[in-house]
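Per-entry structural report
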Amino acid sequence: MLHSFLDSNCLAVASPLVAGDLAVFPLIRPGTAAPAYLTLSEAISQHLVQITEVSEGGSVPQLLLVNEATQPVLLLDGEELVGAKQNRVLNLTVLVPAVSKTVIPVSCIEQGRWHWRSRHFEAANRTLYASARAEKMAQVSQSMREEDSYRSDQHAIWESIGRKAANFEMHSPTGAASDLYEDRSALLDHMVSQVKPQTDQVGAAFMVRDRLVGAELFGSAQGFSSLLPKLVRSYGLDALDARESAGVRRRRAASDPATLVKTFLAKLLSATVLRKRALGLGEDLRLEEHDLVGAALVHEGEVVHLSAFTREA
């Protein structure tokens, strides 16, 4: 399954699109079909999905999603939800069944607020920044392996947001990750304008300066296209963080950076795989190697979304 999905004979690495310190390598696969799901933003904008606290008192690591659509809805790992008692992010990619109720696992990214701002959540135009997503993915994979749960390390996420705010020399009254994006919104919007989806593009690999940070792949070019701006903001925020990048030991770049991308994708095929029944539809594959962590959601024999990150040395 993953072998055919990542087969280099079918998946081409195109020349990068560059926006400042972020280089985005399009991953091209011709002939994919339109997705048989709605994205979260599409479903919320059409008033087909409501996401609320699980109760009046709320529960930090859980939210309730009601899907009234006759199609499944795709929630992306790290996708940010704003409103209700505090902002959250998704702990993993979930394909929510049509006409269903699902309790979804989340992490708090707004430490200093626990009061109602709205009764329902809205989908933000971003996912959590990539370095925090990588840490969270490793935490969730560990909890799935050891506890059969979807927990993250909440305190580690708050600490990460605090470090990022300090690097940006900005203060958020509620310790909200959303304020980081607002503080750099003009620069991130410019990055989004510079990175447009290419014909038959089903994914991308992202490099910050000379370091390959991660890759995102989808089973549908149309599905990827609609989510690309959120992902560019995710990796872009790390690209704007010069202090964090300077503190990470970077590997020597290949003479041809595209070779580095191909090597990274090939290493996913040798990763240790933990298979779990997915929350919602499909199967959840957790991928681990000493220098990478990844996850793939598979439904009806097809990869819906694969996300993988280089572990920081």
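What this report covers is the structure whose coordinates are included nearby.

**So, the overall build of the protein**
The helix and strand tally for the protein stands at nine helices and 18 strands. Across its three principal directions, the C-alpha atoms of the protein cover 55 × 45 × 40 Å. Relative to its 313 residues, the protein shows a buried fraction of 54%. Pairs at least 24 residues apart make up 66% of the contacts formed inside the protein by residues separated by at least 6 positions. Looking at the protein, you have 32 positive and 37 negative side-chain charges, and the mean spots of the two groups are 2 Å apart.

**Considering the pattern of salt bridges**
Where side chains of opposite charge bring their charged atoms close, a pairing between them can arise. By the definition in use, this model includes 22 salt bridges. A salt bridge links D77 to R133, with the shortest nitrogen-to-oxygen separation between them at 3.1 Å. Here D77 is found in the loop between β7 (73-75) and β8 (79-83), whereas its partner R133 is found in helix α3 (residues 130-147), with 56 residues between them in sequence. Across the pair, exposure class does not vary: D77 and R133 are buried alike. The shortest N-O distance in the salt bridge between D183 and R184 comes to 2.0 Å. Residue classification places D183 among the partly exposed residues on the basis of a relative accessible area of 38%.

**What to know about unusual backbone geometry**
In this structure, V99 is a non-glycine residue whose phi angle is positive, near 45°. With respect to the helices, strands and loops of the structure, V99 is situated in the loop between β10 (94-96) and β11 (100-108). On the basis of relative accessibility, which here comes to 58%, the residue V99 falls in the exposed class. Phi is positive for D148, which is not a glycine, with a value near 55°. Among the secondary structure elements, D148 is positioned in the loop between α3 and α4 (154-167). Overall, the relative accessible area of 58% leaves D148 in the exposed class.

**So, the sheet that holds β8**
Strand order in this open sheet of six strands is β5-β6-β11-β9-β8-β12, and the pairing throughout is antiparallel. At either end of the open sheet lies a strand with only one pairing partner, and these are β5 (49-53) and β12 (121-127). When the angles between neighbouring strand axes are averaged without regard to direction, this sheet yields 40°. As defined by bridge partners, strand β9 (residues 88-90) adjoins β11 across three bridges and the pair is classed as antiparallel. When the sheet's bridge partners are listed, V89 is paired in β11 with S107. Its contacts with the sheet place helix α7 (residues 221-239) against β8 and β12, and it is angled at close to 65° to β12.

**Describing empty space enclosed by the protein**
One pass over the full model with this rule turns up two cavities of 30 Å³ or more. Roughly 70 Å³ of internal volume is contained in the largest cavity. If you go around the largest cavity, the residues you meet are D77, L92, T93, M137, D284, R286, A295, A296, L297, H305 and S307. Only β16 (283-289), β17 (292-299) and β18 (302-310) provide two or more residues apiece to the lining of the largest cavity.

**Overview of the packing of aromatic side chains**
For the structure on display, the rule yields three aromatic pairs. Here the aromatic rings of F218 and F224 are separated by 5.9 Å at their centres, their planes lie at 50°, and the arrangement is tilted. Classification of F224 as buried rests on a relative accessible area of 0%. Relative to F309, the ring of Y235 has its centre 6.2 Å away and its plane inclined at 25°; by these criteria the two rings are stacked. Residue Y235 is located in helix α7, and its partner F309 is located in strand β18; the two are separated by 74 residues in the primary sequence. Exposure remark for Y235: the relative accessible area of 0% places this residue in the buried category. Taking the relative accessible area as the measure of exposure, F309 reaches 0% and is therefore buried. Here a set of aromatic residues connected by ring pairs shows up, and it is made of F206, Y235 and F309. The lysine or arginine in question, R29, covers the ring of F5, its NZ or CZ lying 4.7 Å from the ring centre. A cation over an aromatic ring shows up here: R184 above the ring of F168, its NZ or CZ 4.1 Å from the ring centre.

Calculation notes
Residues numbered from 1 in each chain as written. Predicted model: local features only at pLDDT ≥ 70, side-chain atom pairs only at ≥ 80, totals over all residues. Heavy atoms only, no water. Helix = DSSP H or I, 4+ residues; strand = E, 2+ residues; numbered from the N terminus. Buried < 20%, exposed > 50% of the residue type's maximum accessible area, 1.4 Å probe, protein only. Contact = heavy atoms within 4.5 Å. Lys, Arg positive; Asp, Glu negative; His and termini not counted. Charge placed at Lys NZ, Arg CZ, Asp CG, Glu CD. Salt bridge = Lys/Arg side-chain N within 4 Å of Asp/Glu carboxyl O. Pairing = 2+ DSSP bridges. Axes fitted to C-alpha atoms, helices over the stretch in contact; angles between N-to-C directions. 1 Å grid on protein atoms, 1.4 Å probe; cavity = no way out; pocket = protein on both sides within 12 Å on 5 of 7 lines; lining within 4 Å. Points joined across faces, edges and corners; volume = space filled by probe spheres on them. Phe/Tyr/Trp six-rings, centres within 6.5 Å; stacked < 30°, edge-to-face > 60°. Lys NZ or Arg CZ within 6 Å of the ring centre and 35° of its normal.

In short, shape yes, function no, at least from these values alone.
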